[in-house]
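Residue strings, one per chain:
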Number of protein chains: 2
Amino acid sequence: MYIAMNRFRVKTGSEPDFEAVWLNREVHITKEEGFVEFRLLRGPQHEDHTLYVSHTVWASEQHFVAWTKSQAFRDAHKDAGQNKPLYLGPPHFEGFAVIQTVTP
Amino acid sequence: MYIAMNRFRVKTGSEPDFEAVWLNREVHITKEEGFVEFRLLRGPQHEDHTLYVSHTVWASEQHFVAWTKSQAFRDAHKDAGQNKPLYLGPPHFEGFAVIQTVTP
């Protein structure tokens, strides 16, 4: 299991616009092999921004990498530049291997 | 849904010790009301440390807060100070509200 996260520093006041971009987009990723789950997370507020994290769970890192090389990935990100005014700087990517899972 | 994450900067070379602490601990959190899932995540390597994230999903922020005030929480963290030599600085907490979930 692998979790791909992108950290977005969204300018204070732009939070509703940022959330609308995500909530109103067409979602194609569900058809990808190895896709497990996507979540959009709203984190702490800071003086000039709110931290958001896009959080995608994949069956393996290999599935994630295959997706980043696909046409579906290019299609999903082709308009991302239009949202730059909402952010302080570019998103910061962090990929994680799941090394322990505990469930009830 | 609410996700509580703690970010640990584990000194290079201490990763096996850090993972052993987590993998060998007694787990009591599964009995807590509102507990959904715990995952330990290993993230990117940097020059002097590896980023790890403890990732706990709760039914709501209120359930998380109630747990932090419980005896079970105090018991789970009473020995945490012993692991300080493994880290660069204290863990950094970030709490997230889940604002969108997409599943296959």
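Everything discussed here concerns the structure shown above.
In this text, all values refer to a predicted model and were calculated from it rather than measured experimentally. (Residues numbered from 1 in each chain as written. Chains lettered and ligands numbered in written order. Predicted model: local features only at pLDDT ≥ 70, side-chain atom pairs only at ≥ 80, totals over all residues.)

**Student:** Break down the sheet that holds strand β2 (residues 35-45) of chain A for me, with residues and values.
**Tutor:** Read around the closed barrel, 8 strands run β1(A)-β3(A)-β2(A)-β4(B)-β1(B)-β3(B)-β2(B)-β4(A), paired in antiparallel fashion. The mean angle between the axes of side-by-side strands here comes to 30°, regardless of whether they run parallel or antiparallel. When strand β1 (residues 2-11) of chain B meets strand β3 (residues 49-58) of chain B, the two strands line up antiparallel, connected through 10 bridges. Directly across from I3 of chain B, in β3 of chain B, lies its bridge partner V57 of chain B. (Pairing = 2+ DSSP bridges. Helix = DSSP H or I, 4+ residues; strand = E, 2+ residues; numbered from the N terminus. Axes fitted to C-alpha atoms, helices over the stretch in contact; angles between N-to-C directions.)

**Student:** Before we move on, could you go through the relation of the copies chain A and chain B and cite the residues and values that matter?
**Tutor:** Mapping chain A onto chain B calls for a screw motion: a turn of 180° about the axis and a shift of 0.0 Å along it, with 0.0 Å RMSD after fitting. Taken together, the turn and the small shift mark the pair as related by a two-fold rotation axis. Relative to the rotation axis, the closest C-alpha in chain A is found at H55 of chain A, a distance of 5.8 Å. Mapped onto chain B, 100% of the interface residues of chain A are again interface residues, and the two copies thus contact each other with one and the same surface. (Least-squares fit on C-alpha atoms with pLDDT ≥ 70 in both. Contact = placed C-beta atoms within 7 Å.)

**Student:** Requested: an account of the nonpolar core, with residues and values cited.
**Tutor:** Ranked by size, the top nonpolar core spans 30 residues in total, and within it I3 of chain A together with I3 of chain B carry the most contacts. Mapped onto this core, the elements with two or more residues apiece are β1 (2-11), β2 and β3 (49-58) of chain A together with β1, β2 (35-45) and β3 of chain B. Excluding anything up to four places from it in sequence, I3 of chain B contacts L41 of chain A together with H55, T56, V57, F96 and V98 of chain B. (Core = buried A, V, L, I, M, F, W, Y, C linked by C-beta atoms within 7 Å. Buried ≥ 20, exposed ≤ 12 C-beta atoms within 10 Å, placed from the backbone.)

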